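# Descriptive structure summary
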Amino acid sequence: MAIRKPTPEDLKRLAEANHFELAEDELEGYQLMISALFDSYDVLDQMPETKEPLKYPDRDSGMRPTLEMDPYNAILRQCRLPGASGGKLNGKRIGLKNNINVAGMPMTCASKVLEGYIPETDATIVTRLLDAGGDVVALLNLDNFAYSGAGDTSSFGPTLNPHNTDHLAGGSSGGSAAALYYDYIDMTIGGDQGGSIRIPASFCGVVGHKPTHGLVPYTGIVGIDNTFDHTGPMTRTVADAALMLEVLAGKDPLDPRQGEVPVQAYTESLGLGAGGIRIGVLQEGFGLPESEADVDAGVQKALGILGELGAQQESVSVPFHQRSAGIVWSLISEGGTAALRSNGLGHGWAGVYNAGLADAMGKGLKTQSKDLSPQAKLVLLVGSYMTDQYNGRMYAKAQNARRDLRKAYDNLLERYDVLAMPTTPMKAHRNDANSDSGAILTHGWDMTSNTAPFNMTGHPAISIPCGKSNGLPIGLMIVGKHFDDAMVLRVANAFEQHTNWESL
């Protein structure tokens, strides 16, 4: 089918949108030139898509589980995709956040905007998991296009907290956390742009590791902004997170987020303990306006246990930490708007572009944008306004300021092996089905004060459960040097091996 050429009325409208005018005598010349250009588009449209054959074609897209099988609403699809017959993850049953391409299986980002979209290729990390012997058994619920940290904006309903179903699992990778409480799922993958691995890990009492930016390939995953998209493991134990990271980490020539990617033997660091480790306890991570006293106290108690295990601790300060919200919001709003306006593609990077996703998202946004979450709508409103009115200046300033924020943490990490603080300043939010859009907006982001800055700087950060209060988990976050994920996992494992967090 030929690509439709713009009419004179289209050209006048487009000129106006781009702040110039076309006189009637100019239109004929433009139309002649455009007609020739569109002949070239027709040739391009007839070219076949370059696709690698599926390495693991034996797969069954399955179905949505029943409420009895999935009481936390964590799973959008039970499926069957067996991996290799051996490897580091041999026989491990894995769930994937449903913003990750799996060929032949619906990928919705928990939004009706992508209803009916089925990828034709596997994300790079899916192939790596299968190569290592893992079996993909579930596609997992998330917040609508991953724009909330609460867990209640999915078009398929909220993900509930396994410790108390009157509360939410957190987001945006809520399904990836809650699904770990099912005995038929061993490991999951989450995604993290502002804390979306670590927030639900904290709320649900599981391990969630946001790797160093670029360490794990993002090819074939729907994101928000190349400069702070992360994907990584969510597991029941630190050892499983380290094992999974060994499989996931490494160079992918198709991922523009990556530069040099030094990898480590992450599992080999686990038995080294906390003796002699230098921990900087970040003052600005505690006592926030939104902080709950029992969370701060629980994290301090956990740090005391690490001290008993031989870790040296000092209170440290990064005033920039509490002033980073402007950077975070500018990058998420304008970066997210650019991603949505380009139908999930972006421009100007070398790698694999998903033409099918772009087509599905473009059509969906024209007909189903009303289904976007309040957070996604706010991103579009503010991001569009700031880009249109301030010409991208604030986004550029925020990108440049990221280097100063990174340097502030790096200066401390020259003297300390890791930094520590609460993952989230509060425990899991209540599930209130009657919340209005204002309340949904507020509680969708009020837990990101400690998590989001490290998305912008790219430092590795893990959340581990370190206690419980009023029946709900508390998360401890440990942050390390770039590409020293092994140290972060080592400290987390030392704590885990010497404590029963549920009894603290």
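Residues numbered from 1 in each chain as written. Predicted model: local features only at pLDDT ≥ 70, side-chain atom pairs only at ≥ 80, totals over all residues. Heavy atoms only, no water.

### As for the layout of surface pockets
In this structure, the second largest pocket encloses a volume near 510 Å³. Taken together, 28 residues form the lining of the second largest pocket, with Val328, Trp445, Thr448, Ser449 and Ala452 sitting closest to its centre. At the level of elements, α8 (325-341), α12 (437-445) and α13 (452-457) are the ones that each hand at least two residues to the lining of the second largest pocket. For the lining of the second largest pocket, the leading source of residues is α8, giving four residues. Looking at side-chain class alone, the lining of the second largest pocket contains 13 nonpolar, 13 polar and two charged residues. (1 Å grid on protein atoms, 1.4 Å probe; cavity = no way out; pocket = protein on both sides within 12 Å on 5 of 7 lines; lining within 4 Å. Points joined across faces, edges and corners; volume = space filled by probe spheres on them. Helix = DSSP H or I, 4+ residues; strand = E, 2+ residues; numbered from the N terminus. Nonpolar A, V, L, I, M, F, W, Y, C, P; charged D, E, K, R; others polar.)

### Considerations on the sheet that holds strand β4 (residues 135-140)
Taking strand neighbours across the sheet as the criterion, the 12 strands line up as β1-β2-β4-β3-β7-β9-β8-β13-β14-β12-β10-β11 in an open arrangement whose pairing is mixed. One side of each edge strand has no neighbouring strand; the edge strands of this open sheet are β1 (60-63) and β11 (312-316). Taken pair by pair, the neighbouring strands of this sheet meet at an average axis angle of 25°, ignoring direction. Inspection of the sheet shows strand β7 (residues 187-192) paired to strand β9 (residues 230-235) by five bridges, in the antiparallel sense. Along β9, the bridge assignment pairs Asp192 with His230. (Pairing = 2+ DSSP bridges. Axes fitted to C-alpha atoms, helices over the stretch in contact; angles between N-to-C directions.)

### Re the packing of helix α6 (residues 238-248) against helix α14 (residues 485-497)
Relative placement of two packed helices is described by the angle separating their axes and the distance separating the axes. The N-to-C vectors of α6 and α14 enclose an angle of 160°; their axes lie 9 Å apart at closest approach. Accordingly, the angle class assigned to the pair α6 and α14 is roughly antiparallel. The two elements α6 and α14 cross, and the hand of that crossing is left-handed. Residues Val238, Ala239, Ala241, Ala242 and Leu245 of α6 form the contact with α14, whose own contacting residues are Asp485, Leu489, Ala492, Asn493 and Glu496. Its residues assigned to classes, the contact of α6 with α14 comprises seven nonpolar, one polar and two charged. (Parallel < 35°, antiparallel > 145°, perpendicular 65-115°, else oblique. Left-handed = near helix turned anticlockwise from the far one by under 90°. Contact = heavy atoms within 4.5 Å.)

### Describing α14
With 13 residues, α14 should reach 18 Å at 1.5 Å per residue; the first-to-last C-alpha distance of 18 Å fits that figure. Taking burial as the measure, the 13 residues of α14 include 11 buried ones, the bulk of the element. Every buried residue of α14 is listed here: Asp485, Ala486, Met487, Val488, Leu489, Arg490, Val491, Ala492, Asn493, Ala494 and Phe495. Among the structural elements, β8 (207-210), α6, α7 (293-308), β12 (418-422), β13 (461-469) and β14 (472-480) are those in contact with the buried residues of α14. (Expected span 1.5 Å × (residues − 1). Buried < 20%, exposed > 50% of the residue type's maximum accessible area, 1.4 Å probe, protein only.)

### Concerning the environment of Asn493
With respect to the secondary-structure elements, Asn493 resides in helix α14. Note on Asn493: relative accessible area 6%, which makes it buried. Between the C-alpha atoms of Asn493 and Leu180, which are 313 residues apart in sequence, the distance is 18 Å. Setting aside residues no more than four positions away along its own chain, Asn493 makes contact with Val238, Ala239, Leu270 and Gly271. Here Leu270 takes part through its backbone oxygen, which lies 2.5 Å from a polar atom of the side chain of Asn493. (Polar contact = N/O pair within 3.5 Å; in protein donor to acceptor, adjacent residues only side chain to side chain.)

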